[in-house]
Amino acid sequence: IGTTLLPHCDLSYIASDAWLWTPFARSALVPEFCSTETFPAILGPALANDMLLRSRKLTAQEASDHGLVSEVLSSERFMEQVLERVDALVNIPLAGSTLPLYKSLISKPERVEHLAR
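To start, this report covers the structure provided alongside it. (Residues numbered from 1 in each chain as written. Predicted model: local features only at pLDDT ≥ 70, side-chain atom pairs only at ≥ 80, totals over all residues. Heavy atoms only, no water.)

**A closer look at the nonpolar core**
Stage number 1. Core analysis: the biggest nonpolar cluster contains 15 residues, and L20, F39, L43, M51, L58, A63 and L68 have the highest contact counts within it.
Stage number 2. When residues of this core are traced back to their parent elements, those giving at least two are α3 (35–43), α4 (45–54) and α5 (60–65).
Stage number 3. At four residues, α4 tops the list of elements feeding residues into this core.
Stage number 4. With residues up to four places along the chain from it excluded, the contact list for A63 reads L20, L58, L68 and V69. (Core = buried A, V, L, I, M, F, W, Y, C linked by side-chain atoms within 4.5 Å. Buried < 20%, exposed > 50% of the residue type's maximum accessible area, 1.4 Å probe, protein only. Helix = DSSP H or I, 4+ residues; strand = E, 2+ residues; numbered from the N terminus. Contact = heavy atoms within 4.5 Å.)

**Some words on the packing of α3 against α4**
Stage number 1. Following both chains from N to C, one finds α3 and α4 inclined at 135°, their axes separated by 7 Å at the closest point. It follows that α3 is oblique to α4 by the angle criterion. In terms of crossing hand, the pair formed by α3 and α4 is right-handed. Touching S35, T36, F39, P40 and L43 of α3 are P45, L47, A48, M51 and L52, all from α4.
Stage number 2. Of the residues contributing to the contact of α3 with α4, the split by class is eight nonpolar, two polar and no charged. (Axes fitted to C-alpha atoms, helices over the stretch in contact; angles between N-to-C directions. Parallel < 35°, antiparallel > 145°, perpendicular 65-115°, else oblique. Left-handed = near helix turned anticlockwise from the far one by under 90°. Nonpolar A, V, L, I, M, F, W, Y, C, P; charged D, E, K, R; others polar.)

**Some words on the pattern of salt bridges**
Stage number 1. Considering all chains together, one arrives at seven salt bridges under this definition.
Stage number 2. Note that E62 and R56 form a salt bridge whose closest N and O atoms lie 2.7 Å from each other.
Stage number 3. Put simply, D50, R54, R56 and E62 are held in one network by salt bridges that share partners. (Salt bridge = Lys/Arg side-chain N within 4 Å of Asp/Glu carboxyl O.)

**Thoughts on the environment of A28**
Stage number 1. Tracing the chain through its elements places A28 in the loop between α2 (24–27) and α3.
Stage number 2. On the basis of relative accessibility, which here comes to 72%, the residue A28 falls in the exposed class.

**Here's the deal with the packing of aromatic side chains**
Stage number 1. Inspection of the entire model under this criterion finds one aromatic pair.
Stage number 2. The interplanar angle of 70° and the centroid separation of 6.0 Å between the aromatic rings of W19 and W21 together place this pair among those described as edge-to-face.
Stage number 3. Taking the relative accessible area as the measure of exposure, W19 reaches 44% and is therefore partly exposed.
Stage number 4. On the basis of relative accessibility, which here comes to 30%, the residue W21 falls in the partly exposed class.
Stage number 5. Seen from the ring of W19, K57 lies directly overhead, with NZ or CZ sitting 4.1 Å from the centre. (Phe/Tyr/Trp six-rings, centres within 6.5 Å; stacked < 30°, edge-to-face > 60°. Lys NZ or Arg CZ within 6 Å of the ring centre and 35° of its normal.)

**Re the environment of L47**
Stage number 1. Summarising the element assignment, L47 is placed in helix α4.
Stage number 2. L47 has contacts with R56, L58 and H66, leaving out every residue within four places of it along the chain.

**What to know about α4**
Stage number 1. Within α4 the residues assigned to the buried category are L47, A48, D50, M51 and L52.
Stage number 2. Looking at the buried side of α4, the elements it contacts are α1 (2–5), β2 (19–20), α2, α3 and β3 (58–59).
Stage number 3. Phi for S55, located one or two positions after α4, is positive at around 60°.

Put into structure tokens, the structure is as follows:
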């Protein structure tokens, strides 16, 4: 569930020694969370097919290089680094009003309509 949820997150972080996996085909399950739409849009069709059809594992660095996650963080200090980033984000002056506005500008209706098709 975690891997297919990533395209729906505003920000996502991954530990440097982690990997992502979508074992749907080997389990005879249908891919979830619209991953048949979001993965090709983010990863490109070749890598999306490799992950969804062959259950290819993706390293943390590959996930970052292809835009599936925001940033790779050190495994040793992972939670500390995540909390630093979240703290910096929520402590922006007027964050309560500016962050929703920025999010609405980033998530244009055309993008949502494309994913709904």
